[in-house]
Amino acid sequence: MLRVKDVDYLGDYRLALAFSNGEHKVVDLEPYLVGEVFGTLHNKEQFIQYALTPVTIEWSNGVDLAPEYLYEIGS
């Protein structure tokens, strides 16, 4: 099972992620911050309020993204 092992905020809506398979990727989440649930994270003060869980990252409002999805959209 793929997991996010570490996360660093890079600025704007970009995060550097380390995964359990040893790979590192940068994800730009700005294009995905739309709609009722994810749109609230378009506020940068809200966006930077995240925490690492045992599997992925989760924001203070309870929103999270599957580690497989983060891995897929990362570069």
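Everything below is about the structure printed above this text.
What this report covers is the structure whose coordinates are included nearby. Please read all numbers here as calculations on a predicted model, not as lab measurements.

What follows concerns the overall build of the protein chain. Each helix and strand counted, the protein chain has three helices and five strands in total. Each helix and strand of the protein chain, ordered N terminal to C terminal, gives the series β-β-β-α-α-β-β-α. In terms of overall dimensions, the protein chain is globule-like: its C-alpha atoms have a radius of gyration of 11 Å, near the 11 Å expected for 75 residues. Its C-alpha atoms give the protein chain principal-axis dimensions of roughly 30 × 20 × 20 Å. Taking all 75 residues of the protein chain together, 31% fall into the buried category. Residue pairs at least 24 apart in sequence account for 44% of intrachain contacts in the protein chain once pairs closer than 6 positions are excluded.

Attention now moves to the nonpolar core. Grouped together as the largest cluster of nonpolar side chains are 17 residues, with contacts concentrated most on Leu15, Leu17, Leu29, Phe47, Ile57, Trp59 and Leu70. Within the residue set of this core, elements represented by two or more residues are β1 (4-11), β2 (14-19) and β5 (57-59). Considering every element that reaches this core, the biggest residue donor is β2, with three residues. Discounting chain neighbours no more than four positions away, the residues touching Phe47 are Tyr9, Asp12, Tyr13, Arg14, Leu15, Leu29, Leu33, Leu41 and Trp59.

Take the side chain of Thr56 next. For Thr56, the location among the structural elements is in the loop between β4 (50-52) and β5. Classification of Thr56 as buried rests on a relative accessible area of 5%. A distance of 2.6 Å separates a polar atom in the side chain of Thr56 from the backbone oxygen of Leu65. Among all residues touching Thr56, those that are not within four sequence positions of it are Val4, Ala51, Asp64, Leu65, Ala66, Pro67 and Leu70.

The next subject is the environment of Lys25. Following the sequence through the fold, Lys25 ends up in strand β3 (residues 24-28). Once residues lying within four places of it in the same chain are set aside, the contact partners of Lys25 are Leu15, Ala16, Leu17, Phe19, Tyr71, Gly74 and Ser75. At 3.2 Å, the side chain of Lys25 forms a polar contact with the backbone oxygen of Tyr71.

Take the pairing of β2 next. In terms of strand pairing, β1 meets β2 through six bridges, oriented antiparallel. Directly across from Gly11, in β2, lies its bridge partner Arg14. Where β2 meets β3, five bridges bridge the pair, whose relative direction is antiparallel. Each residue of the ladder has a partner; that of Ala18, found in β3, is His24. A loop of four residues connects β2 with β3, the two strands running antiparallel in sequence, and Gly22 in this loop sits at a positive phi of about 90°.

Reading the values: the criteria
- Residue indices begin from 1 for each chain and proceed along its sequence in written order.
- Where local features are concerned, this predicted model is filtered to residues with pLDDT of at least 70; where side-chain atom pairs are given and counted, the filter is 80 or more; whole-chain, interface and lining totals use all residues.
- The side-chain figures draw on all heavy atoms in the structure; neither hydrogens nor water molecules are used.
- Starting at the N terminus, helices and strands are each numbered in turn, a helix being any DSSP run of H or I of at least four residues and a strand any DSSP run of E of at least two.
- As defined in this context, the radius of gyration uses C-alpha atoms, and a globule is described by 2.2 Å times the residue total to the power 0.38.
- For the exposure calls, accessible area comes from a 1.4 Å probe over protein chains only, and a residue counts as buried if that area is under 20% of its type's maximum, exposed if over 50%, partly exposed in between.
- Any two residues whose heavy atoms approach within 4.5 Å are treated as being in contact.
- In this description, a nonpolar core means a group of buried Ala, Val, Leu, Ile, Met, Phe, Trp, Tyr and Cys residues linked to one another through side-chain atoms lying within 4.5 Å.
- Think of a polar contact as two N or O atoms within 3.5 Å of one another; within protein, one of them needs to be a possible hydrogen donor and the other a possible acceptor, and neighboring residues in sequence only count if both atoms come from side chains.
- Think of it this way: DSSP has to see at least two bridges between two strands before they count as a pair.

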